Amino acid sequence: HVEQVTVPPSVPTDVTDMAQLDALLEKTLAQFGRVDTLVNNAGGWPPTMALAVDDSDMEAALQFNVKSTFHLSRQAAPHLAKSPNGSIVNISSA
């Protein structure tokens, strides 16, 4: 017996906007009723010389690469805990 798999919809999301991340999770729960896996795969930043990075650049990089991942993971965690195989996959590059 093969279980039918439903492909999740594409939901364009600005990962630096916490309200959009919350809406993404809400849309997923509304459509599927549960979350089994969260894949955090947004990230990156243009190569820049360290001495050229100011505080606002660093804050933007942290928001994009770290805070968004933490926020969505924290929001999804209670739902993932209900799944027998709930998991979070974080993808990063250097």
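Each value, and the rule that gives it
- Residue positions are counted from 1 within each chain, in the order its sequence is given.
- Selection of residues for local features in this predicted model requires a pLDDT of at least 70, selection of side-chain atom pairs for listing and counting requires 80 or more, and totals for whole chains, interfaces and linings are taken over all residues.
- Hydrogens and water are ignored here; the side-chain numbers use all heavy atoms of the structure.
- Within this scheme, the nonpolar core is defined by two criteria: the residues are buried Ala, Val, Leu, Ile, Met, Phe, Trp, Tyr or Cys, and they are joined through side-chain atoms within 4.5 Å.
- Residue burial is assigned from relative accessible area. The probe radius is 1.4 Å, only protein chains are included, and a residue is buried under 20% of its type maximum, exposed over 50%, and partly exposed in between.
- Helix and strand labels come from DSSP, where a helix needs a run of H or I of at least four residues and a strand needs a run of E of at least two; each type is numbered from the N terminus.
- Note on contacts: a residue pair qualifies if any of its non-hydrogen atoms lie within 4.5 Å across the two residues.
- Per residue, pLDDT captures the predictor's confidence, and it can take any value from 0 to 100.
- Take the number of residues in a helix, subtract one, and multiply by 1.5 Å to get its expected span.
- Definition of a polar contact: a pair of N or O atoms within 3.5 Å, with one able to donate and the other able to accept a hydrogen when the atoms are protein atoms, and with sequence-neighbouring residues admitted only if both atoms are side-chain atoms.
- Helix axes are fitted to C-alpha atoms over the stretch in contact, other axes to C-alpha atoms as well, and angles between N-to-C directions run from 0 to 180 degrees.
- Here is the rule for handedness: rotate from the far helix to the near one, and if that takes an anticlockwise turn smaller than a right angle the crossing is left-handed, while a clockwise turn gives right-handed.
- By the convention adopted, Pro, Cys, Tyr, Trp, Phe, Met, Ile, Leu, Val and Ala count as nonpolar, Lys, Arg, Asp and Glu as charged, and the other residues, Gly among them, as polar.
- When DSSP finds two or more bridges between a pair of strands, those strands are recorded as paired.
- Looking down the strands as they point away from you, a crossover is right-handed if its path from the first strand over the helix to the second goes clockwise.
- Bend angle per residue: angle between axes fitted to the 7 residues ending at that residue and the 7 residues starting there.

Examining the nonpolar core
- Judged by nonpolar contacts, Val 15, Leu 21, Leu 25, Val 35, Leu 38, Leu 72, Ala 76 and Leu 80 together constitute the single largest core of eight residues.
- Where this core is concerned, the elements lending two or more residues are α1 (18-32) and α2 (55-81).
- Ranked by residues supplied to this core, first place goes to α2 with three residues.
- Residues within four places of Val 15 in sequence aside, it is in contact with Leu 21, Ala 42, Phe 64 and Ser 68.

Here we look at the confidence of the model for the protein
- Summing up the model confidence of the protein, the mean pLDDT is 89 and the portion of residues at 70 or higher is 97%.
- The spread of mean pLDDT over the elements of the protein runs between α2, the lowest at 93, and strand β2 (residues 87-90), the highest at 96.

Some remarks on α1
- Along its 15 residues, α1 runs 21 Å from first to last C-alpha, staying within 8% of the 21 Å computed at 1.5 Å per residue.
- A distance of 3.0 Å separates the backbone nitrogen of Ala 19 from a side-chain oxygen at the start of α1, and that oxygen is part of Asp 17.
- Directly after α1, the chain includes Gly 33, whose backbone phi takes a positive value near 80°.

Describing the packing of α1 against α2
- In the contact formed by α1 and α2, the axes pass within 10 Å of each other and the chain directions differ by 35°. The way α1 lies across α2 gives a crossing that is right-handed. Here Met 18, Leu 21, Asp 22, Leu 24, Leu 25 and Leu 29 of α1 lie close against α2, whose contacting residues are Gln 63, Ser 68, His 71, Leu 72, Gln 75, Ala 76 and His 79.
- Tallied by class, the residues present in the contact of α1 with α2 amount to seven nonpolar, five polar and one charged.

Examining the pairing of β2
- Of the pairings in the sheet, the one linking strand β1 (residues 37-40) to β2 comprises four bridges and is parallel in character. By the bridge assignment for β2, Asn 40 is matched with Asn 90.
- One crossover worth recording links β1 to the parallel β2 by way of α2, and it is right-handed.

Description of the side chain of Thr 69
- Looking at the secondary structure, you find Thr 69 in helix α2.
- Here Thr 69 is in contact with Asn 40 and Asn 90, once residues within four sequence places are set aside.

Focus on the side chain of His 71
- Within the secondary structure, His 71 is located in helix α2.
- When near neighbours in sequence (up to four residues on either side) are disregarded, His 71 contacts Met 18, Leu 21 and Asp 22.

Quick word on α2
- Over its 27 residues, α2 extends 36 Å from the first C-alpha to the last, a length consistent with the 39 Å expected when each residue adds 1.5 Å.
- Approximately 45° is the largest bend angle found in α2, and it occurs at Gln 63.
- Regarding α2, the residues found buried are Ala 61, Gln 63, Ser 68, Thr 69, His 71, Leu 72, Ser 73, Ala 76 and Leu 80.
- On its buried side, α2 packs onto α1, β1 and β2.

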